Amino acid sequence: MTGGLRKGAKMQILVTGGLGFIGSNFIRHILKKYSDYKITNLDKMTYAGNPANLKDVEKNKNYNFVKGDICDTKIVDKLVEGKDIILNFAAETHVDRSIEDAKSFIKTDVEGTYTLLEAAKKHNIKKFIQISTDEVYGSIEKGSFTEDSVLRPNSPYSASKAGGDLIARAYNKTFGVPVI
């Protein structure tokens, strides 16, 4: 993960949605493996975020938690400044919830990703890692998808994730934001 970034300096990482299952495990892994990395975790603390997931690292000097929304331009801009990497785990999730009310999915998964990408562009982030879901590819009877498979989202959830992914791709191609 170092890849020549800020040689001799401590890696500064912004993780969004880090109180969720995957994000919290990522944070715990990085803090254990790279004792000099600094992680800021921005999480809205919705139904999907559980502070207990990171109870064991909350006093780690290299970990900082900020309660906030990735759609909030001011907080995102402040937190992105000085960071090397952004990992966007933040998302509205669950197909059934998206069928009930798609608006929050569009806001977080599309607008929130856009807000992070704008900050990444402004602050010359070295790496932007967009976390997605296989749901963007639709249904499959047999086998598995690849990243080259056609996008065929079947729910507002998967469509909003695909929207965020496509915006991330566009920021890479148009502005050179280093998106993975």
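Throughout what follows, the structure given in this document is the object of discussion. What you see is a predicted model, and the numbers here were worked out from it, not measured in a lab.

## Comments concerning the overall build of the chain
Each helix and strand counted, the chain has 5 helices and 5 strands in total. Secondary structure of the chain in N-to-C order comes out as β-α-β-β-α-β-α-α-β-α. Taking 16 Å as the expected radius of gyration for a compact globule of 180 residues, we find that the chain reaches 16 Å, a close match to that expectation. Over its C-alpha atoms, taken along the principal directions, the chain stretches across nearly 45 × 35 × 35 Å. Split into buried and exposed, the 180 residues of the chain put 43% on the buried side.

## A word on helix 4 (residues 103-122)
Taking 1.5 Å as the rise per residue, helix 4 with 20 residues should run 28 Å; its terminal C-alpha atoms sit 27 Å apart, in good agreement. Buried-residue contacts for helix 4 involve strand 1 (12-16), helix 2 (73-80), strand 4 (85-88), helix 3 (95-100), strand 5 (127-130) and helix 5 (156-175). Looking one or two residues past helix 4, Asn124 carries a phi angle of roughly 50 degrees, positive in sign.

## Focus on the sheet that holds strand 4
Taken in spatial order, the 5 strands line up as 3-2-1-4-5 in an open sheet, and their pairing is parallel. Looking at the sheet topology across the chains shown, the edges are occupied by strand 3 (63-67) and strand 5. The sheet shows a mean angle of 15 degrees between the axes of neighbouring strands, direction not considered. In the sheet, strand 1 pairs with strand 4 via 4 bridges, with the strands oriented parallel. Along strand 4, the bridge assignment pairs Leu14 with Ile86.

## Let's talk about unusual backbone geometry
In this structure, His94 is a non-glycine residue whose phi angle is positive, near 85 degrees. Within the secondary structure, His94 sits in the loop between strand 4 and helix 3. Take His94: its relative accessible area is 49%, and that puts it in the partly exposed class. Here the phi dihedral of Asn124 falls at roughly 50 degrees; this positive angle occurs in a residue that is not glycine. You can see Asn124 is positioned in the loop between helix 4 and strand 5.

## Focus on the environment of Tyr47
In this fold, Tyr47 is placed in the loop between strand 2 (38-43) and strand 3. We classify Tyr47 as partly exposed; its relative accessible area is 41%. What Tyr47 contacts, discounting residues up to four positions off in sequence, is Ala91, Glu92, Thr93, His94 and Arg97. From its side chain, Tyr47 meets the backbone nitrogen of Thr93 in a polar contact 2.8 Å long. Side-chain polar atoms of Tyr47 contact the side chain of Arg97, separated by 2.5 Å.

## Details of the packing of helix 4 against helix 5
The interhelical angle for the contact between helix 4 and helix 5, taken along N-to-C directions, is 15 degrees, at an axis separation of 8 Å. With respect to helix 5, the element helix 4 is oriented roughly parallel. By crossing handedness, the relation of helix 4 to helix 5 is classed as right-handed. Contacts from Phe105, Ile106, Asp109, Val110, Thr113, Tyr114, Leu117, Glu118 and Lys121 of helix 4 reach helix 5 at Tyr157, Ser160, Lys161, Gly163, Gly164, Ile167, Ala168, Tyr171 and Phe175. When grouped by side-chain class, the residues that make up the contact of helix 4 with helix 5 number 10 nonpolar, 4 polar and 4 charged.

Conventions we followed
Residues numbered from 1 in each chain as written. Predicted model: local features only at pLDDT ≥ 70, side-chain atom pairs only at ≥ 80, totals over all residues. Heavy atoms only, no water. Helix = DSSP H or I, 4+ residues; strand = E, 2+ residues; numbered from the N terminus. Rg over C-alpha atoms; globule rule 2.2 N^0.38 Å. Buried < 20%, exposed > 50% of the residue type's maximum accessible area, 1.4 Å probe, protein only. Expected span 1.5 Å × (residues − 1). Contact = heavy atoms within 4.5 Å. Pairing = 2+ DSSP bridges. Axes fitted to C-alpha atoms, helices over the stretch in contact; angles between N-to-C directions. Polar contact = N/O pair within 3.5 Å; in protein donor to acceptor, adjacent residues only side chain to side chain. Parallel < 35°, antiparallel > 145°, perpendicular 65-115°, else oblique. Left-handed = near helix turned anticlockwise from the far one by under 90°. Nonpolar A, V, L, I, M, F, W, Y, C, P; charged D, E, K, R; others polar.

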